[in-house]
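Architecture and fold: a report
In case you want the letters, here they are:
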Amino acid sequence: MRHSTHPILGQKPGTSGLRKKTRVFMTPGYLENFVQATFDAIGGVAGKTLVLGGDGRYFGAEAAQVILKMAAANGAARAIVGQGAWLSTPAASHLIRLRGADGGLILSASHNPGGPDEDFGVKYNIANGGPAPEAVTEAIFAATLEISEYRKANAPDINLGAVGEQHLAGMVVEVVDPVAAYADLMEVLFDFKMLRSLFHAGFTARIDSMNAITGPYAVEIFERRLGAAPGTVVHATPLPDFGGMHPDPNPTWAHELMAAMMGPQAPDFGAASDGDGDRNMILGRGVYVSPSDSLAVLAAEARCAPGYAHGLMGVARSMPTSAAVDRVAQALCIPCYETPTGWKFFGNLLDAGRVTLCGEESFGTGSDHVREKDGLWAVLMWLSILAVTGRSVAEVLADHWARFGRTYYSRHDYEALPVALAETIMADLRARLAGLAGQAAAGLVVIRADEFAYTDPVDGSVSTGQGLRIFFEGGARAVLRLSGTGTEGATLRLYLERYVPGPEGLAQDPQAALAPIIDAVEALAGICQRSGRAGPDVVT
Ligand code: G1P
Ligand code: ZN
């Protein structure tokens, strides 16, 4: 059935799809407009196969019914849907690739809270299993400006609880177990027999799924297939509002896990995932692993997992991620690429076979097994390293720093700033960048400063305006950029790093080690002074 409609005023999907307040998505016609614009932008879906699923958040199952009826009315041949409309983001990426689908829609707002008053999102992934590149998101944006009708079948809802094939207005709807294919892929990449022995020998872990999508995956993989004690996975049931948790795996939001890992009864290993399962935080007994360090350790020790026993083609990190992995790449004599923020920039490098591992400071690590970051994969990588080396997380980190030196790292987020203020802070600093070289700020001398731009080595596309960088004397760096994923005001992110070669000063607290850079940036950009804030809202 054709429904005439009006443009939705240029809703632009960002690096992670379109994210809005759930009630906005529930406005009659809103979701329909965005989905039709997506279908139009990719040349229609007639005869195509699509994968569909999400992180279990509020409105996900209802949205899936709408999308299925629209896919049918637009002539799609087949939709492969996770049972209950559940699919983690890495599992969706895998399913698109495994089944040779033309693309997929992921219903999630990632690590943002869920519920009627929180966030919802829709993301389109392409046939390689990865997020739509900029050309596609631009085309979707353009389509939202012109749309005049959407097509939706007038048919009853599909039973998303029953695995098997059903029919919807000429389209086959195949409801699949959301976990099985993904868990099978993990069995190919990792030595499950060795990991089973690890748990059998008494190794203890706490895997916090934060009431979001990784619960069923983690229970199947760790408790059922690897024999970890029942209860190893906590907050294991996906809930529409994540039980009120903010499913963002960082020390601030995963504070229950942090407390457990820093306490006297801490297990050997701890990890948390985000809402849709692509992010991870890694902890050991009494120790937190910064995501930049995690990427570097995974690169250095990748051979511990059979899927990477042959070595790595290369590695990639987003620009604001620390240079810790660069030093590993240098030692391994493999290339290291520096890309703008956002997983989509890794896609071409992975497709071209130039890199095997990649990661971001924002708790994302992954490899060429899918085209998304993958939280549980990172957990299995760490467990493999611990099993092969027989070391604790703290010992693995200490060894790594002793070998490569330590890069102190932290990200400071100033959230919900007035948009105009955040843009002015950035614009003022941008205007002064060129003149900063040679100047001292709070006693620290600037070597050079620039705005990061990236030329994709595979397709030559250029992305400008990807963050302001200030390099200081002595191997220190600060980066400032505005978030592209927030739903309220502007979020200014300040990324700080400082390299200390060799074992000296290794036990220092990162905030203390970074204090001179924090002071220098405040002197240059005046974030606290101009915003009236006493400090950042979130420190990771
Ligand atoms: C944030 C992270 C970025 C990540 C993205 C999607 O984007 O910083 O690394 O790829 O979420 O998970 P930002 O809000 O900074 O634009
Ligand atoms: Zn996510």
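Small disclaimer: the values here were computed from a predicted structure and weren't measured.

Let us now look at the overall build of the protein. Counting secondary structure elements, the protein contains 17 helices and 27 strands. What you see for the protein is a C-alpha radius of gyration of 23 Å, in line with the 24 Å of a compact globule of 540 residues. C-alpha extents for the protein along the principal axes are approximately 70 × 60 × 40 Å. Taken over 540 residues, the protein has a buried fraction of 59%. In the protein, of all internal contacts separated by at least 6 residues, the share reaching a separation of at least 24 is 72%.

In the region of ligand 1, 14 residues are neighbours, and Ser362, Arg481, Ser483, Thr485 and Arg493 sit closest. One nitrogen or oxygen atom from the side chain of Arg279 is found 3.0 Å from an oxygen atom belonging to ligand 1. Note that an oxygen atom of ligand 1 is positioned 2.6 Å from one of the side-chain N or O atoms of Ser483. Considering only residue class, the shell around ligand 1 consists of no nonpolar, seven polar and seven charged.

Bound to the zinc ion (ligand 2) are the protein donor atoms Ser110 (OG), Asp274 (OD), Asp276 (OD) and Asp278 (OD), situated 2.0 to 2.1 Å from the metal. Seen from the zinc ion (ligand 2), its four donor atoms lie at angles of 87 to 162 degrees, and the figure they make is irregular. Each donor residue of the zinc ion (ligand 2) lies on the same chain, and together they follow the pattern S-x163-D-x1-D-x1-D. Of this pair, Ser110 sits in the loop between strand S5 (103–107) and strand S6 (119–126) while Asp278 sits in the loop between strand S12 (269–273) and strand S13 (280–284), and the two are 168 residues apart along the sequence. Assigned by exposure class, Ser110 and Asp278 land together as buried.

Burial along strand S18 (residues 364–367) is two-sided: the face carrying Gly364 and Gly366 and the face carrying Thr365 and Ser367 are both buried. By the bridge criterion, four bridges tie strand S17 (residues 357–360) to S18 in an arrangement that is antiparallel. Within S18, the position partnered with Leu357 by the bridge is Ser367. Between S17 and the antiparallel strand that follows it, S18, lie three residues; Phe363 among them carries a positive phi value of about 65 degrees.

Within this model, the second largest pocket holds a volume of roughly 530 Å³. Residue lining of the second largest pocket: 28 residues in total, with Asn112, His246, Glu415, Gly486 and Thr491 positioned closest to the centre. If one sorts the elements of the lining of the second largest pocket by residue count, strand S19 (residues 406–417) sits on top with four residues. Class assignment for the residues of the lining of the second largest pocket results in five nonpolar, 11 polar and 12 charged.

On to the pattern of salt bridges. Summed over all chains, the structure comprises 34 salt bridges. We note a salt bridge from Arg317 to Glu338, for which the minimum N-O separation is 3.2 Å. Remark: Glu338 occurs in strand S16 (residues 336–339) and Arg317 occurs in strand S15 (residues 315–318); sequence separation between them is 21 residues. Between Asp399 and Arg391 there is a salt bridge, with its nearest N and O atoms 3.0 Å apart. Residues joined by salt bridges that share partners form a network here, namely Arg317, Asp326, Glu338, Arg448, Asp450, Arg469, Arg477 and Glu497.

As a further point, take the packing of aromatic side chains. Tallied over the full model, the rule gives nine aromatic pairs. With a centroid separation of 5.2 Å and 70 degrees between ring planes, the pair formed by Phe59 and Phe120 is classed as edge-to-face. Of this pair, Phe59 sits in the loop between strand S3 (49–54) and helix H3 (60–73) while Phe120 is found in strand S6, placing the two residues 61 residues apart along the sequence. Residue Phe59 is classed as buried on the basis of its relative accessible area of 12%. Summarising the aromatic geometry, the rings of Trp343 and Phe346 are spaced 4.7 Å apart at their centres and angled 80 degrees between planes, so their arrangement reads as edge-to-face. Each member of the pair, Trp343 as well as Phe346, carries the same accessibility label: buried. In this structure an aromatic cluster arises from ring pairing among Phe25, Tyr30, Phe59 and Phe120. Across the ring face of Tyr499, the terminal group of Arg327 is positioned such that the distance to the ring centre comes to 3.6 Å. For the cation-ring pair, Arg448 lies above Phe471, with the distance from its terminal atom to the ring centre recorded as 4.1 Å.

Another point: helix H6 (residues 180–189). Turning to H6, its buried residues are Tyr182, Ala183, Leu185, Met186 and Leu189. Looking down the long axis of H6, one finds its buried residues gathered within 155 degrees of arc, a one-sided arrangement. Here the buried face of H6 lies against helix H4 (89–98), helix H7 (192–200), helix H8 (214–225) and helix H13 (375–389).

All right, on to empty space enclosed by the protein then. Inspection of every chain in the model, using the stated rule, returns four cavities of 30 Å³ or more. The space that makes up the second largest cavity amounts to roughly 50 Å³. Looking at the second largest cavity, the residues that line it are Leu50, Val51, Leu52, Ile67, Leu68, Ala71, Ala79 and Leu105. In terms of residue class, the lining of the second largest cavity is built from eight nonpolar, no polar and no charged.

What follows covers helix H15 (residues 419–432). Here H15 is 14 residues long and its end C-alpha atoms lie 20 Å apart, about the 20 Å a rise of 1.5 Å per residue gives. In the core, the buried residues of H15 are packed alongside S19, strand S24 (468–472), strand S25 (476–482), strand S26 (490–500), helix H16 (510–525) and helix H17 (527–531).

Across a sheet, strands are paired by hydrogen bonds formed along the backbone, either parallel or antiparallel in direction. Within the open sheet, the five strands sit side by side as S11-S10-S12-S13-S14. Their pairing is mixed. Each edge of the sheet is formed by a strand with only one pairing partner; in this case those strands are strand S11 (233–234) and strand S14 (287–289). Note: strand S10 (residues 205–208) against S12, four bridges, orientation parallel. Across the sheet, residue Asp208 finds its bridge partner in S12, namely Ala272. Each of S10, S12, S13 and S14 touches H13; the most contacted strand, S12, lies at about 165 degrees to it.

Basis of the calculations
Along each chain, residues carry numbers from 1 onward, in the same order as the chain's sequence is written. Whichever chain is written first becomes A and whichever ligand is written first becomes 1, with later ones labelled in order. pLDDT decides what is reported in this predicted model: residues at 70 or higher carry local features, side-chain atom pairs at 80 or more are listed and counted, and totals for whole chains, interfaces and linings draw on all residues regardless. Excluding hydrogens and water, the side-chain figures rest on all heavy atoms present in the structure. Secondary structure elements follow DSSP: runs of H or I of four or more residues count as helices, runs of E of two or more count as strands, with numbering from the N terminus. Computation of the radius of gyration draws on C-alpha atoms, with the globule rule given as 2.2 Å multiplied by the number of residues to the power 0.38. Partly exposed describes any residue whose relative accessible area lies between the buried limit of under 20% and the exposed limit of over 50%, with all areas from a 1.4 Å probe on protein chains only and scaled to the type maximum. The contact criterion used throughout is that any non-hydrogen atoms of two residues lie within 4.5 Å. Neighbouring residues are identified by heavy atoms, a residue being near a molecule or strand if any of them is within 4 Å of it. We define a polar contact as two N or O atoms separated by no more than 3.5 Å, with the added condition that, inside protein, one atom must be a possible hydrogen donor and the other a possible acceptor, whereas residues neighbouring each other in sequence contribute only through side-chain atom pairs. Nonpolar residues are Ala, Val, Leu, Ile, Met, Phe, Trp, Tyr, Cys and Pro. Charged residues are Asp, Glu, Lys and Arg, and all others, Gly as well, are polar. The donor set covers N, O and S atoms within 2.8 Å of the metal, switching to 3.2 Å for Na, K and Ca, and it leaves out water, so a site may look short of donors. Each label reflects the angles at the metal, where four donors whose angles all fall between 85 and 135 degrees are tetrahedral, four or six donors whose opposite pairs open beyond 155 degrees and whose other angles stay between 65 and 115 are square planar or octahedral respectively, and the rest are irregular. DSSP calls a pair of strands paired once it identifies at least 2 bridges connecting them. In this analysis, the protein atoms alone were mapped onto a 1 Å grid. Cavities are point sets where a 1.4 Å probe fits without being able to get out; pockets are open sets with protein on both sides within 12 Å along at least five of seven lines; lining residues have an atom within 4 Å of a point. Grid points are joined across faces, edges and corners, and a volume is the space filled by probe spheres set on the points. By salt bridge we mean one thing: a side-chain nitrogen of Lys or Arg within 4 Å of a carboxyl oxygen of Asp or Glu. Ring geometry is summarised as follows: Phe, Tyr and Trp rings, the Trp one being its six-membered ring, pair when their centres sit within 6.5 Å, and such pairs are stacked at plane angles under 30 degrees, edge-to-face over 60 and tilted between the two. Criterion for a charge above a ring: Arg CZ or Lys NZ at most 6 Å from the ring centre, at most 35 degrees from the ring normal. Taken from the helix axis, the directions to the C-beta atoms give the arc we talk about. A helix is expected to span 1.5 Å for every residue after the first. Only the stretch in contact is used when a helix axis is fitted, and all axes are lines through C-alpha atoms; the angle between N-to-C directions ranges over 0 to 180 degrees.

Read these as layout, nothing more, since geometry by itself doesn't imply function.
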